[in-house]
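# What the coordinates show
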Amino acid sequence: MLLRSIRSRLIVLVLATVVPFMALIGAGLWDQWRSDKAAARARSIDEARVLAAQVDDHLGNVEYLLSGLSRAVSWDPADTAANDALLAQLKSELPDFVGSLLLFSVDGKNIGTSSDPSPGRVDPHARLYFQRALAGEPFAIGDVIRTQHSGHWVVTVATAVRDPSGNVRAVLAVGTRLAHFQEAMRMERLAPGSVVRVVDETGIVIAQSDDPLRWIGRDLAKEMNVSDRLSASGASAMLVWPDGARRITASSPVHLAPWLVSVGVPADAALAAVMSRLGWSALYCAIALALACTIAWTLSGHILRPLHQLRRDAAVLASGELSHRSAVCSNDEVGSLASTLNRMAERLEHRRDEASRAADELRQANDTLAAVIDASPVAIICSDLKRRIFVWNRAAEAIFGYSAEEVLSSAVDVVPPEALDEVRRFIERTIKGETVRDVHVQRRRKDGTLVDVRLAAARMTNPDGTLRGIARAYEDITDRKLAEQQLERLAHYDQLTGLPNRLSLQKRLGSLLGPNRAEQSTAIALFDLDGFKDVNDTLGHSTGDQLLVEVGRRLTERALSSGEVFRLGGDEFVAVFPGCGDPLKTAKAVEAALKALSEPFIINDQVVHIGGSAGVAIAPVNAVSIDELIANADLALYQAKSEGGRVCRLFQPVLRAQAQARRSLQLELRHAFEHDEFELHFQPQVRLADESVVGAEALIRWRHRERGLIFPGAFIDTLGASTIAPEVSRWIIRSACEHAARWREAGLSLKRIGLNLFPIQLGNGSLIADIDEALRDFSLAPEMLELEITENVALDFKETELLQKLRDKGVKLAFDDFGTGYASLSYLLKFPLSRIKIDRSFISRITENGNDAAIVRSLIAMAHNLRLEAVAEGVETAAQAAFLLNERCEEAQGYFYAEPLPAADFEAYLRGKRRGQSATRRERVA
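Residues numbered from 1 in each chain as written. Predicted model: local features only at pLDDT ≥ 70, side-chain atom pairs only at ≥ 80, totals over all residues. Heavy atoms only, no water.

The next point concerns the overall build of the chain. Secondary structure summary: the chain contains 29 helices and 32 strands in total. When each of the 926 residues of the chain is scored for burial, the buried share is 42%. Taking all contacts inside the chain whose residues are at least 6 apart in sequence as the whole, residues at least 24 apart take part in 59%. Within the structure as shown, the chain displays about 49500 Å² of accessible surface, and the carbon and sulfur contribution to it stands at 53%. (Helix = DSSP H or I, 4+ residues; strand = E, 2+ residues; numbered from the N terminus. Buried < 20%, exposed > 50% of the residue type's maximum accessible area, 1.4 Å probe, protein only. Contact = heavy atoms within 4.5 Å. Areas by Shrake-Rupley, 256 points an atom, 1.4 Å probe, with all protein chains shown as cover.)

Pairing geometry for strand β13 (residues 436–444) and strand β14 (residues 450–461), over 7 bridges, is antiparallel. Within the sheet, the bridge partner assigned to Arg443 lies in β14 and is Val451. Between β13 and β14, which pair antiparallel one after the other, the connecting turn spans 5 residues, and Gly448 there sits at a positive phi close to 95°. (Pairing = 2+ DSSP bridges.)

What follows covers empty space enclosed by the protein. In this structure the tally under the stated criterion is 3 cavities of 30 Å³ or more. Estimated volume of the largest cavity: approximately 50 Å³. Forming the boundary of the largest cavity are Ser729, Ile732, Ile733, Leu755, Asn756, Leu757, Gln761 and Leu787. For the lining of the largest cavity, the per-class residue count stands at 5 nonpolar, 3 polar and no charged. (1 Å grid on protein atoms, 1.4 Å probe; cavity = no way out; pocket = protein on both sides within 12 Å on 5 of 7 lines; lining within 4 Å. Points joined across faces, edges and corners; volume = space filled by probe spheres on them. Nonpolar A, V, L, I, M, F, W, Y, C, P; charged D, E, K, R; others polar.)

The subject of this paragraph is the pattern of salt bridges. Considering all chains together, one arrives at 30 salt bridges under this definition. The shortest N-O distance in the salt bridge between Glu564 and Arg508 comes to 2.8 Å. Residue Glu564 is found in strand β17 (residues 564–569), and its partner Arg508 is found in helix α13 (residues 502–512); the two are separated by 56 residues along the sequence. You can call Glu564 partly exposed: its relative accessible area is 27%. (Salt bridge = Lys/Arg side-chain N within 4 Å of Asp/Glu carboxyl O.)

Quick look at the confidence of the model for the chain now. Per-residue pLDDT for the chain averages 81, and the proportion of residues at 70 or more is 87%. At the level of individual helices and strands, the chain shows its lowest average pLDDT in helix α5 (residues 226–231), which scores 58, and its highest in strand β31 (residues 891–893), which scores 95. (pLDDT = per-residue confidence, 0-100.)

Before going further, it helps to spend a moment on the environment of Ser562. Among the structural elements, Ser562 can be located in the loop between α15 (541–559) and β17. Linking Ser562 and Ala575, residues 13 residues apart in sequence, is a C-alpha distance of 9.4 Å.

Before going further, it helps to examine the pairing of strand β11 (residues 379–384). Burial of β11 is extensive: 6 of the 6 residues sit out of reach of the surface. Neither face of β11 is left uncovered, since the one carrying Ala379, Ile381 and Ser383 and the one carrying Ile380, Cys382 and Asp384 both have all their residues buried. Pairing analysis gives 6 bridges linking β11 to strand β15 (residues 467–476), with the strands arranged antiparallel. When the sheet's bridge partners are listed, Asp384 is paired in β15 with Gly469. Pairing between β11 and strand β12 (residues 389–392): 3 bridges, direction antiparallel. Among the inter-strand pairings, Cys382 is bridged to a residue of β12, identified as Val391. Linking β11 back to β12 in an antiparallel pair, the connection comprises 4 residues, with Arg387 at a positive phi of about 65°.

Hydrogen bonds between backbone groups are what pair the strands of a sheet, and the pairing can be parallel or antiparallel. As summarised here, the arrangement of the 5 strands in space is β2-β1-β5-β4-β3, forming an open sheet in which the pairing is antiparallel. The sheet is open, and its two borders are formed by β2 (110–113) and β3 (140–146), each paired with just one other strand. Mean inter-strand twist for the sheet, computed between neighbouring axes without regard to direction, equals 20°. Sheet topology note: the β3/strand β4 (residues 153–162) ladder contains 5 bridges and is antiparallel. (Axes fitted to C-alpha atoms, helices over the stretch in contact; angles between N-to-C directions.)

Moving on: the sheet that holds β13. The antiparallel open sheet is built from 5 strands, whose spatial order is β12-β11-β15-β14-β13. Looking at strand neighbours, the two that pair on one side only are β12 and β13, the edges of this open sheet. When strand polarity is set aside, the average angle formed by the axes of neighbouring strands in this sheet is 30°. Running at roughly 150° to β13, helix α11 (residues 420–431) makes contact with β13, β14 and β15 of the sheet.

Here the focus is unusual backbone geometry. Residues Ala619 and Pro620 are joined by a peptide bond in cis, for which omega reads 5°. Its place among the elements puts Pro620 in the loop between β21 (611–619) and α17 (626–642). Look at Asp676: it is not a glycine, yet its phi comes out positive at around 55°. Relative to the helices and strands, Asp676 resides in the loop between α18 (653–674) and β23 (678–687). At Arg867, a residue that is not glycine, the phi angle is positive and equals roughly 60°. Here Arg867 shows up in the loop between α27 (850–865) and β30 (869–873). When its relative accessible area of 78% is taken as the criterion, Arg867 is described as exposed.

Within the secondary structure, Thr478 sits in helix α12 (residues 478–492). Classification of Thr478 as partly exposed rests on a relative accessible area of 26%. Separated by 36 residues in the primary sequence, Thr478 and Gln442 have C-alpha atoms spaced 9.5 Å apart. Apart from the residues lying within four places of it in its own chain, the contact partners of Thr478 are Val451 and Asp452.

Bringing the packing of α13 against α17 into the picture now. In contact at an axis separation of 10 Å, α13 and α17 are set at 115° when each is read in the N-to-C sense. The angle between α13 and α17 places the two elements in the roughly perpendicular class. As α13 runs across α17, the sense of the crossing is right-handed. Facing α13, whose interface residues are Leu505, Gln506, Leu509 and Gly510, α17 presents Ile626, Asp627, Leu629 and Ile630. Split by residue class, the contact of α13 with α17 holds 5 nonpolar, 2 polar and 1 charged. (Parallel < 35°, antiparallel > 145°, perpendicular 65-115°, else oblique. Left-handed = near helix turned anticlockwise from the far one by under 90°.)

Inspection of the secondary structure puts Ser613 in strand β21. Residue Ser613 is classed as buried on the basis of its relative accessible area of 0%. Only 2.9 Å separates the side chain of Ser613 from the backbone nitrogen of Arg646, close enough to count as a polar contact. Leaving out residues up to four positions away in the same chain, Ser613 has contacts with Leu526, Phe527, Asp528, Asp530, Leu594, Leu637, Ala640, Lys641, Gly645, Arg646 and Val647. (Polar contact = N/O pair within 3.5 Å; in protein donor to acceptor, adjacent residues only side chain to side chain.)

Attention shifts here to helix α28 (residues 878–886). Along α28, the positions that sit buried rather than exposed are Gln880, Ala881, Phe883 and Leu884. The buried residues of α28 all sit within an arc of 160° when viewed along its axis, so they share a single face. Elements that come into contact with the buried residues of α28 comprise α26 (840–843), α27 and β30. Taken from the residues just after α28, Arg888 is the one with a positive phi, measuring 65°. (Arc of directions from axis to C-beta.)

Take the packing of aromatic side chains next. Scanning all chains against the criterion turns up 13 aromatic pairs. Arranged with centres 5.5 Å apart and planes meeting at 90°, the rings of Phe400 and Tyr474 form a pair that is edge-to-face. Taken together, the residues Phe400 in helix α9 (residues 394–400) and Tyr474 in strand β15 connect sequence positions 74 residues apart. Considered together, Phe400 and Tyr474 belong to a single accessibility category, that of buried residues. Seen from their ring centres, Phe678 and Trp702 are 6.2 Å apart, and the 65° between their planes marks the pair as edge-to-face. Here Phe678, found in strand β23, pairs with Trp702, found in strand β24 (residues 692–704); they are 24 residues apart in sequence, far enough to count as distant. Given the relative accessible area of 6%, Phe678 is considered buried. On the accessibility criterion, Trp702 (1% relative accessible area) is buried. Here the aromatic cluster, defined as three or more aromatic residues joined through ring pairs, consists of Phe673, Phe678, Trp702 and Phe715. Over the aromatic face of Phe601 sits the side chain of Arg554, whose NZ or CZ is 3.5 Å from the ring centroid. Between Arg707 and the ring centre of Trp702, over which it is positioned, the NZ or CZ distance is 6.0 Å. (Phe/Tyr/Trp six-rings, centres within 6.5 Å; stacked < 30°, edge-to-face > 60°. Lys NZ or Arg CZ within 6 Å of the ring centre and 35° of its normal.)

Here it is as structure tokens:
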């Protein structure tokens, strides 16, 4: 058994050493496999994107062809012959993959074709490209069809021909052979067996590199989810293709058409190298494991022989021959074990001699212990399991009145009948091994009187560990109890009124609001006497003290019989209503108490009239802690006092919550400003006529150190009302001017930067100085700044002198969020405005809601009549932009153009717009 155990453990140790290296090899292979697989996926994604771009190039050529033809053809049916001639001539000049060129009127009549019209003209009503073009799609793609006369697969692309007013007057279509897309299927960089396929949004195969005649036109909608792949650009996965081969497949959508280009690379080819390495590594690991196990088996034999000898030596020592010593001697661990065994034998022999000496010492110790017990001032009582007493010292005689002879010769019980259950529990705890300490109990003397004692108890055991009995120690604490009761009274009760004091209130509320009472309601009412100070000042403090005594008695006996009354100090009293969560019931009791306090008091033959105010809070509705509950009741009392007194008010949690939230947010905002957590984002303002960026609105953002970017809706009102608002305003003005100057130096100048004003700024005389300083420091013209004023700010600000001074300097003014506030239209004439900004709430529904469209139309017309420009906020769709342009709105801003961007991103946006405009101008010149 020993042989088998040691050898098995040694082998396991060897395995534990070898296996991690094998695991590292496996991990390396696994990492290589993942790397090869990821590389194959990356290559397939790149190829899919390149092929999709090539398809886009071809479709772009077709789109360019349609765009040019749409300006050359005539939509007049009388010009059919001329259209035929034009299209036929153009067809002869186009490549072979371009099919027929067709022109249809909006009623479906063919008014132009590049083919011979004699067999009959095409009816397009059932064609998808015709329906989509009439529906307004600028680049309408039809179904994939196979021509009858040539057998070629063709897809038709159409566009609407519009008159100068934008109305659809005809549909121009061109067919292109799908065989042309085969030229895009370059396979040089892909592994053998790779396949490239192009499908449309319905799953119809447009082109395929492998056996195209078999696959083109085939419907794969049931075999692949085209819509999901169109939405997930660049996705890659291991898929089984319809030919049964597993391929690493990547897909990329075509931007000019709802088509999907898929590239499939055979999984076997992509992972061939790592699979070969896996086979060789497995062979090497098996050989290494076999060699390690053989070596472990051989070495274990050299350890077993001395171990057998040590087992025999241990058996001799176990039989009691402690003088026996082992003869095993070596310099290894086994030799060390033999030496330890010999030292253990010597130690056991020595301990046997010591045990005999210890027996004599134990007898002496028992005699000493008996003397100590007898001299102890604490009563020591020991009894067996049948409660027979065998130790009763002199202190026990003095405390309980029984002599040792009486107790040891007959059964004596010092436990009162009412404490028998308690004693039984103590005995059970002690028997289980628990030591009972500092337990205050009462015991009965010989004369029948009770004595207060402090009990300690412990079990006594036999040498074999079995229970022998119980030892008890009793200390007389009668005098201490009396002193503690007096101190308790002084600590928990008011010395003047005799009512429980603040400490008692804390303990009482602690028991009512504890974890076990969390679901039970408790109401408190905080009373304050109205007119008590006048009593003290006019009749003296002695009369005031007697009045407080009478108030406490009246509250306790007459008014608040359902509650518990406490005095906090001065003329403040508290009533606690346990189990009461009904505000009406509590208010009724408190109002009765206030009524009782309003009745006259007779103090030293003096008639005294006072009143009272009260604040009520209820737990757990208003608070869950003692301090919070008292504080909330104090807030309600303060409200009652502020309303004139002699009334009761209930606490409203929203008041504290709002105050704490504002305070916390103000502290965070100050920290944010001091640690540069504010930043400006810029949203472009676009001229609708040519979509060029003419301005930007600077919007403050808070990049919180923990919560990330916070938008102004969560903090702007509090920031505007805080004491740091002027400093933040000055920072906004300077930061906006600094960015504008930097963009001007980079050749990206804007006409203006819009800034939102805090309400406090209009009443701050330093606004003009801040603006002048910023414009001077960054060498900007005043026209560069545009200050935006909301209607609500205008309502509170009646003077226009400051704004007129800014306007005279050249600073522009805009009316922000126009139409949502309550300002009179006369403010448009009163304030020196340059433009109005139509609120996004109207813009969002102008293409869906006729009323909103009419309002926006009226606002634009009104602005023009007042010689003001109009800026639309919140433009998010092309339809909204088209509506506003049609209504002659000058400018717009919104997510359709760009969201508010950080300064660096906005600069990149301006550079991109500039390059786009330059490219557009070059195309127009060409």
